[in-house]
Amino acid sequence: NQRQYTFAWQFLERGKMRPRGGTTTGPSVELDLTTSSAFNAMTNIPVTALERDRAAILAMAGEFRATFDFIETVGFVKDYEPQQPYQSWGTEYVFVVEQTPTFISLQHVLVMKINLPSGDVSEPFVMKHWRQDWKFENSRLIEYIGQDTWMPRQLNKSEIEGTWTQAVFQVDDSPRYESFGRWEHEGGVSTWESMKTWRPLPRREFSVRGDYDALVGTNRHTITPNGWVHEERNFKARGKSGVVSKMIAQELGFNRYERIEGHDFSSGDKYWENTGVFWGLVREQWNEIFRRKEAFSILRAEDDTSMLFSMMSLANSVDSGELSEEKQIKNEISQRFKKYVKLSNN
């Protein structure tokens, strides 16, 4: 498939801004073009505003073809040269991990098949992806402040009235960013937009960029009749302790989730059947840290290993059955937290 992009830098040398990122293709999928039952549930005007908000959040669950587009649109430094746009894709299953009247947790799992050079199609590739937790009128955020450090922030009652916080977690369930905003429902369209958030460098860039320390931006989620979209406006910045010292560039992101049907996500179900308890124990460990109400950092170990790859390796051992005893699993999780997570009073 020919790759495409917009917001082109028209006077640059032809081909210089060719998108980077995932170059693989997958077998065709069938889009579900009917108006989803989740969208109908949202637009049927439930009894309360809270119910309508919940319906919008729950409408982000399902089976999707996801596409990810990012492009730098403005530079703020002398002799700025725009970097190549980034594009990627996936077939993604989003399901409800937990819900109460004021809390909804959505887990994303990639289940992808790749077209091989031989002309064959690969076996399903399964990877736990990001997670988003939504809380109604939540008074405490866990905010990223730079330098691999997060800090609790207390909100007052007037700020949070009618709002939902969205906390985003990385593939290993470590925190990424959290902010708050209100769902707006108008003309059949439901949209939530965050306040400004700091976040670490994304996986698409932390191994190839060293000129900025953090993304500082906003997120907008909008529900459509057959899926949803996630828009980002990010500033690539240098700074620490939540204070920007230098803006490098502005980036726009557009991630589209389109409902599909007929795609076999059973291998993703099997993965979660094998590892769901494990990831629940990981979440419990993180919740213990959040309850301590103090800053913490996620650091590379002395042997230069990272928490992300160490935790994903442990999950693979659980998935394969190599590690199955709950007491041993808890001990392994605890050891990794001691190795990679540093509390401010330590």
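Each remark here, short or long, concerns the structure printed above.
All of the points below concern the structure found in this document. Going along each chain's sequence as written, the residues are numbered from 1 onward. Selection of residues for local features in this predicted model requires a pLDDT of at least 70, selection of side-chain atom pairs for listing and counting requires 80 or more, and totals for whole chains, interfaces and linings are taken over all residues. To get the side-chain values, all heavy atoms of the structure are used, and hydrogens and water are removed first.

**A closer look at the pairing of strand β7 (residues 140-146)**
Here comes step 1: In terms of residue burial, β7 counts as a mostly covered element, since six of its seven residues are buried.
Here comes step 2: Between β7 and strand β8 (residues 149-154), which follow one another and run antiparallel, lie two residues, and glutamine 147 among them has a positive phi close to 55 degrees. Three exposure classes are used, based on accessible area relative to the maximum for each residue type with a 1.4 Å probe and protein chains only: buried under 20%, partly exposed in between, and exposed over 50%. Strands are runs of DSSP state E lasting at least two residues, helices are runs of H or I lasting at least four, and both sets are numbered from the N terminus onward. Pairs of strands are assigned from DSSP output, requiring at least two bridges between the strands.

**Observations regarding the nonpolar core**
Here comes step 1: Residues belong to one nonpolar core when they are buried, are Ala, Val, Leu, Ile, Met, Phe, Trp, Tyr or Cys, and are joined through side-chain atoms within 4.5 Å. Of all hydrophobic cores here, the largest spans 46 residues; its most connected members are Phe278, Trp279, Trp286 and Phe296.
Here comes step 2: Counting residues per element, this core draws most heavily on helix α4 (residues 266-291), which supplies nine residues.
Here comes step 3: Two residues form a contact once any of their heavy atoms are found within 4.5 Å. Leaving out residues up to four positions away in the same chain, phenylalanine 296 has contacts with Ile142, Asp148, Thr149, Trp150, Pro175, Trp286, Ile289, Phe290, Val341, Lys342 and Leu343.
Here comes step 4: Counting 27 residues, the second largest nonpolar core, distinct from the first, contains Phe64, Ala66, Trp130 and Trp134.

**Focus on unusual backbone geometry**
Of all residues except glycine, most have a negative phi; of all peptide bonds, most are trans.
Here comes step 1: In the Ramachandran plot, lysine 293 falls in the positive-phi region, its phi being about 55 degrees despite a non-glycine side chain.
Here comes step 2: For lysine 293, a relative accessible area of 58% puts it in the exposed group.
Here comes step 3: In this structure, aspartate 304 takes a positive phi of about 70 degrees despite not being glycine.
Here comes step 4: Position of aspartate 304 relative to the elements: it lies in the loop between β17 (296-298) and α5 (307-320).

**Some words on the packing of α4 against helix α6 (residues 326-340)**
Here comes step 1: Fitting a line to C-alpha atoms yields each axis, with helices limited to the stretch in contact; the angle taken between N-to-C directions then spans 0 to 180 degrees. Axis separation between α4 and α6 bottoms out at 10 Å; the angle between their running directions is 45 degrees. Overall, the two elements α4 and α6 adopt an arrangement that is oblique. Where α4 crosses over α6, the two elements pack in a sense that is right-handed. From α4, Phe278, Leu281, Val282, Gln285, Trp286 and Ile289 reach across to α6, where they touch Glu326, Ile329, Lys330, Ile333, Ser334 and Phe337.
Here comes step 2: Residues belonging to the contact of α4 with α6 are distributed by class as follows: eight nonpolar, two polar and two charged. For classification purposes, an angle smaller than 35 degrees is called roughly parallel, one larger than 145 roughly antiparallel, one from 65 to 115 roughly perpendicular, and anything else oblique. Here a crossing is called left-handed whenever its near helix is offset anticlockwise from the far helix by less than a right angle, and right-handed whenever the offset is clockwise. Residues are sorted three ways: Asp, Glu, Lys and Arg are charged, Ala, Val, Leu, Ile, Met, Phe, Trp, Tyr, Cys and Pro are nonpolar, and all the rest, Gly among them, are polar.

**Digging into the packing of aromatic side chains**
Here comes step 1: Put simply, two rings from Phe, Tyr or Trp (the six-membered ring, in Trp's case) pair if the centres are within 6.5 Å, and we call them stacked under 30 degrees between planes, edge-to-face over 60, tilted for the rest. Summed over all chains, the structure comprises 20 aromatic pairs.
Here comes step 2: Between tryptophan 134 and tryptophan 192 the ring centres are 4.8 Å apart and the planes differ by 80 degrees, which places this aromatic pair in the edge-to-face class. With tryptophan 134 in strand β6 (residues 125-136) and tryptophan 192 in strand β12 (residues 189-193), this residue pair connects regions lying 58 residues apart in the sequence.
Here comes step 3: Given the relative accessible area of 0%, tryptophan 192 is considered buried.
Here comes step 4: Residues tryptophan 150 and phenylalanine 296 carry aromatic rings whose centres are separated by 5.9 Å and whose planes lie at 10 degrees to one another, so their mutual orientation is stacked. Highlighted residues: tryptophan 150 in strand β8 and phenylalanine 296 in strand β17, separated in sequence by 146 residues. With respect to burial, tryptophan 150 and phenylalanine 296 carry one shared label: buried.
Here comes step 5: Each residue in the set Tyr144, Trp150, Phe169, Trp286, Phe290, Phe296 and Phe337 is aromatic and connected to the rest through ring pairs, giving one cluster.
Here comes step 6: Here the guanidinium or amino end of lysine 128 rests over the ring plane of tryptophan 279, the centre of that ring lying 4.3 Å away.
Here comes step 7: Cation placement over rings: the criterion is NZ of Lys or CZ of Arg within 6 Å of the ring centroid and within 35° of the ring normal. Here the basic side chain of arginine 199 rests over the ring of tyrosine 177, its NZ or CZ set 4.1 Å away from the ring centre.

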